[in-house]
Amino acid sequence: MDEFAARATVRWRAIDPLLPGAFPAEGPDLADDCGAGLTVGQGENLAAFGTCRHSQPDPGEIDLSWGMARRFELAPRVVGPDAGAALDRLISLWRDHLASTPGSRDDDSAAIITWPSRDIDGVVTLQNHGLRPLAVVAIRPSARASARVGARASARVGARAGARAGAWPAGEAPGPDTRIRRAGNADAETIAAFGAEVARFDAHFSGTPSRPGTVAALRHEATRLLAARPGAEADPAARPWTWLAERDGQPIGVIATQRPDRAAWIAPMTRLAPVAYTVLGYVSPQERSAGVGAALADCLHAEVDQAGVAATLLHYEQLNPYAAPFWSRQGYRPLWTMWEARPAWSLR
Ligand SMILES: CC(C)(COP(=O)(O)OP(=O)(O)OC[C@H]1O[C@@H](n2cnc3c(N)ncnc32)[C@H](O)[C@@H]1OP(=O)(O)O)[C@@H](O)C(=O)NCCC(=O)NCCS
């Protein structure tokens, strides 16, 4: 099994060097309350291995606002030469496993496979099994992005100057009546309200039901993001990585990011370390396409790069027409794609 896991890892690392350095065959994070191990082939002919995990986020968890209530996740590991065929047989075994699993007939459920975005050999297979590419985990490697910033920032200023009067340099507020400031403890409610807007917006693309606990969970998350850290008074690098945009004193946008110590949960998704994770990016509808989102992202990236963070990660909905183009311009690109069959029983 170790040799198989090594081959699967080498294959994925050749496809995308930003993927993790090692993929344990058992997927230790995925062995929770099911842990069924599914195999395609044996011994030297082992072509695919997958571990199944069943989970149900608590009603108070923020995660519930962006996904289904009952989750069945497969962590697949495949090797060539025909990785698509190996994955196909693995998913068929998993479908049969789920058919006799309690809860998989619930409507508020999903069968989920998180697959490397650049592993194109699996895409048709995933589709053929009724899985849809709902969300993306995108990555912005700091070193590469900041190397491009100088050239891009001046190009951006030039382009904006041509596109409309009142252009602004990267990192500055996009207009005289607009200001960007770091958020503080008193802003938790505003951030939670913006977060609830993002959840409502994203539901257009994912179909995730509205959850009664969303605002409370977001308030809790915002309070943690804004909590004072030792040395924050004297050291700007210890202040929260959360900024608000305001027009005439009214909040119009936010970017809110977990520092590496809070982002450890997503760190295993990439080889780069340490990582930060952006929980929220939002600009009010009437304020969009005026550079507010880019100015907020510039504030974040300046500090992230300075702090020695190797990469920033975030999720966006694949079908959100605002998200992918925007984050791509800020230096992000897809790393993992989350394929889901909703409900779980629709897995073919
Ligand atoms: C994604 C989002 C935060 C972007 O915020 P924004 O303030 O509209 O972002 P910007 O104005 O900086 O950039 C948006 C576009 O305006 C353009 N733009 C910005 N300033 C401009 C200017 N002065 N002149 C002309 N165009 C300009 C940008 O080039 C960009 O164009 P593109 O979409 O073709 O790439 C916002 O659309 C949003 O809140 N969407 C809904 C929620 C959401 O999707 N959140 C992200 C989920 S992960």
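I will try to describe carefully the structure that is included in this document. Throughout this description, residue numbers start from 1 for each chain and increase along the sequence as written. Predicted model: local features are reported for residues with pLDDT of at least 70 only, side-chain atom pairs are reported and counted for 80 or more only, and whole-chain, interface and lining totals are derived from all residues. In computing side-chain values, all of the structure's heavy atoms are included and hydrogens and water are not.

Moving on: the site of the ligand. Taken together, 22 residues are adjacent to the ligand, and Ser-289, Gly-291, Gly-293, Asn-320 and Arg-329 come closest. Backbone polar atom of Ser-289 to an oxygen atom of the ligand: 2.8 Å apart, as the coordinates give it. At 2.6 Å from an oxygen atom of the ligand is found a main-chain nitrogen or oxygen belonging to Gly-291. Only the protein chains shown count as cover for residues, with accessible areas throughout obtained via the Shrake-Rupley method and a probe of 1.4 Å. For the ligand, the protein covers 82% of the area, taking 930 Å² as the surface of the free molecule. What counts as a helix is a DSSP run of H or I of at least four residues, what counts as a strand is a run of E of at least two, and both are numbered from the N terminus. Listing elements by their share of the shell around the ligand, those giving two or more residues are α4 (142-163), β9 (275-283), α7 (292-306), β10 (311-317) and α8 (323-329). When its residues are assigned to classes, the shell around the ligand shows 12 nonpolar, six polar and four charged. To be near a molecule or strand, a residue needs just one of its heavy atoms within 4 Å of it. We call two N or O atoms a polar contact when they sit within 3.5 Å, provided that within protein one can donate a hydrogen and the other can accept it, with sequence-adjacent residues counted only if both atoms are side-chain atoms. Under this grouping Gly is polar, as are all residues other than the nonpolar Ala, Val, Leu, Ile, Met, Phe, Trp, Tyr, Cys and Pro and the charged Asp, Glu, Lys and Arg.

Here we take up the side chain of Thr-208. Within the secondary structure, Thr-208 sits in the loop between α5 (188-206) and α6 (214-226). Within the structure, the side chain of Thr-208 is placed 2.9 Å from the side chain of Ser-206, a separation counted as a polar contact. At 3.0 Å, the side chain of Thr-208 and the side chain of Arg-342 are in polar contact. Those residues in contact with Thr-208 that sit more than four places away from it in its chain are Leu-64, Ser-65, Trp-66, Gly-67, Ala-203 and Arg-342. Contacts are assigned to residue pairs that have any heavy atoms within 4.5 Å of one another.

Here the focus is the environment of Arg-77. Tracing the sequence through the fold places Arg-77 in strand β3 (residues 70-78). Between the C-alpha atoms of Arg-77 and Phe-49, which are 28 residues apart in sequence, the distance is 5.2 Å.

For strand β5 (residues 132-141), the buried fraction is high: eight of the 10 residues fall into the buried class. By this definition, two strands are paired if DSSP reports at least two bridges between them. When β5 meets strand β11 (residues 333-341), the two strands line up antiparallel, connected through seven bridges. Among the inter-strand pairings, Arg-132 is bridged to a residue of β11, identified as Glu-340. Sheet topology note: the β5/β10 ladder contains seven bridges and is antiparallel. Within β10, the position partnered with Val-137 by the bridge is His-315. We call a residue buried when its accessible area falls under 20% of the maximum for its residue type, exposed when it is over 50%, and partly exposed in between, using a 1.4 Å probe and counting protein chains only.

A word on the sheet that holds strand β6 (residues 178-182). The 11 strands are arranged β1-β2-β3-β4-β11-β5-β10-β9-β8-β7-β6 in an open sheet whose pairing can be described as mixed. Two strands lie at the open edges of the sheet, namely β1 (37-40) and β6, each paired on one side alone. Recorded for the sheet is a direction-independent mean angle of 25° between the axes of neighbouring strands. For strand β4 (residues 109-116) and β11, the ladder comprises six bridges, and the chain directions are antiparallel. Within the sheet, the bridge partner assigned to Thr-114 lies in β11 and is Met-338. Axis angles are defined between N-to-C directions and span 0 to 180 degrees, where every axis is a line fitted to C-alpha atoms and, for a helix, only to the segment in contact. On the sheet, α5 packs against β5, β7 (242-247), β8 (250-258), β9 and β10 and is oriented at approximately 85° with respect to β9.

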